[in-house]
Amino acid sequence: MSDEAFSFNLAETVVKWVDVGIFVLNKNFEVQLWNNFMAHHSGRPSEDVVGKNLFDAFPELPRQWFTKKVNTVFLLNNFAFISWENRPYLFRFAHNRPITGGADHMYQNCMLLPLKAEQGKPEAVCVMVFDATDTAIAQNLLKEALEAISEISNRDGLTGIYNRRYLEGRLASEYDRMRRYGGTFSVILFDLDFFKKVNDTHGHLAGDKVLIEIAARVKDKLRSSDVLGRYGGEEFMLILPETHLDGARIFAERLREAIELEPVIFDNTTIPVTVSMGVTEHRADMPGYASLIHQSDLALYASKAAGRNRVTCYEPALEKLAAEGKH
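A few points on the structure. Small disclaimer: the values here were computed from a predicted structure and weren't measured.

Glancing now at empty space enclosed by the protein. For the structure shown, the criterion picks out one cavity of 30 Å³ or more. Of the residues contributing to the lining of the largest cavity, the split by class is five nonpolar, one polar and one charged.

Moving on to the sheet that holds strand 11 (residues 275-281). Here we have five strands laid out as an open sheet, ordered 7-8-6-11-12, and mixed in their pairing. The outermost strands of the open sheet, each flanked by one partner alone, are strand 7 (227-232) and strand 12 (311-313). The mean inter-strand angle of the sheet, taken between neighbouring strand axes irrespective of direction, is 20°. In this structure, strand 11 lies alongside strand 12, joined through three bridges in parallel fashion. Bridging across to strand 12, V279 finds its partner in C313.

Turning next to the environment of H105. Along the chain, the position of H105 falls in the loop between strand 3 (80-82) and strand 4 (108-116). What makes H105 buried here is its relative accessible area of 7%. Note: C-alpha distance between H105 and R92 (13 residues apart in sequence) is 6.2 Å. Sequence-distant contacts of H105, defined by excluding residues within four places in its chain, comprise P88, Y89, R92, F93, H95 and T133.

Pairing is antiparallel in the open sheet, where five strands are placed in the order 2-1-5-4-3. Whereas interior strands pair on both sides, the edge strands pair on one side only; in this sheet they are strand 2 (31-34) and strand 3. Averaged over all pairs of adjacent strands, the angle between their axes in this sheet comes to 20°, without regard to strand direction. By the bridge criterion, three bridges tie strand 3 to strand 4 in an arrangement that is antiparallel. Within strand 4, the position partnered with F81 by the bridge is M111.

Here is what the cut-offs are and how they apply
Residues numbered from 1 in each chain as written. Predicted model: local features only at pLDDT ≥ 70, side-chain atom pairs only at ≥ 80, totals over all residues. Heavy atoms only, no water. 1 Å grid on protein atoms, 1.4 Å probe; cavity = no way out; pocket = protein on both sides within 12 Å on 5 of 7 lines; lining within 4 Å. Points joined across faces, edges and corners; volume = space filled by probe spheres on them. Nonpolar A, V, L, I, M, F, W, Y, C, P; charged D, E, K, R; others polar. Pairing = 2+ DSSP bridges. Helix = DSSP H or I, 4+ residues; strand = E, 2+ residues; numbered from the N terminus. Axes fitted to C-alpha atoms, helices over the stretch in contact; angles between N-to-C directions. Buried < 20%, exposed > 50% of the residue type's maximum accessible area, 1.4 Å probe, protein only. Contact = heavy atoms within 4.5 Å.

Quick look at the structure:
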């Protein structure tokens, strides 16, 4: 056997048995070569596929998208790479990893190579399909872990709702969104009345129970777009996207009434709970999101000064009262 014949047989053997999918398409998308990897994972042997149009043999393939990719290789006479991160797979093949990895198909990287004739123009395209499942599973698990860590860092350890850091970040985002696109949103800041008395009378475990219970009850009444967080101590904040002041006031009043009507039960002891609330709305002339915190805080303390267990909406007159120390 000549060296040339030996090299050809060796290359043919490698292509046939390599643990990479390899198939070749001509300009009519007819399959010219179909190696063992493709045969094994597709369940279609070479003799059943070679000579047929790829899309006739596999009508489930993304025809428009893949046709464009292959034609671009023919046109530019250059290779193309498709990452699993952009498109998880070309062929929906099964994989042999444990189901605990969370992948229900083989993730694939694909490389498309022009096969040139003697005159240098592509006459066919070789498609190589690489099993990227291990990499994809590892990266997805890492992403999930980082998202879980991020989520934990945004949560209040006692109540499970968002913490102050997240609330301020979300306020900043909502403020910036309003500046760009217009619209409005409202903020409710509320505080549990005489909470120190709860701790002093019933103990800190009872105080914790009250905080947890109130957070859960309020959360149950929110829309999916609303944001609830513990701003500090016994103080909570609500961010209500696409909500005007009147709507926020009505909602706050309903919350206040619901909290008052249902006391918290702890260790067979009934603990009455009321809240004072301050409401404000984003306005285009606000210099920053901190203005929302300031205004809702002024309105909250106006509620406290007026006897607690009530809702107060911000108005400019509260600035003068605060300056004079009247609440």
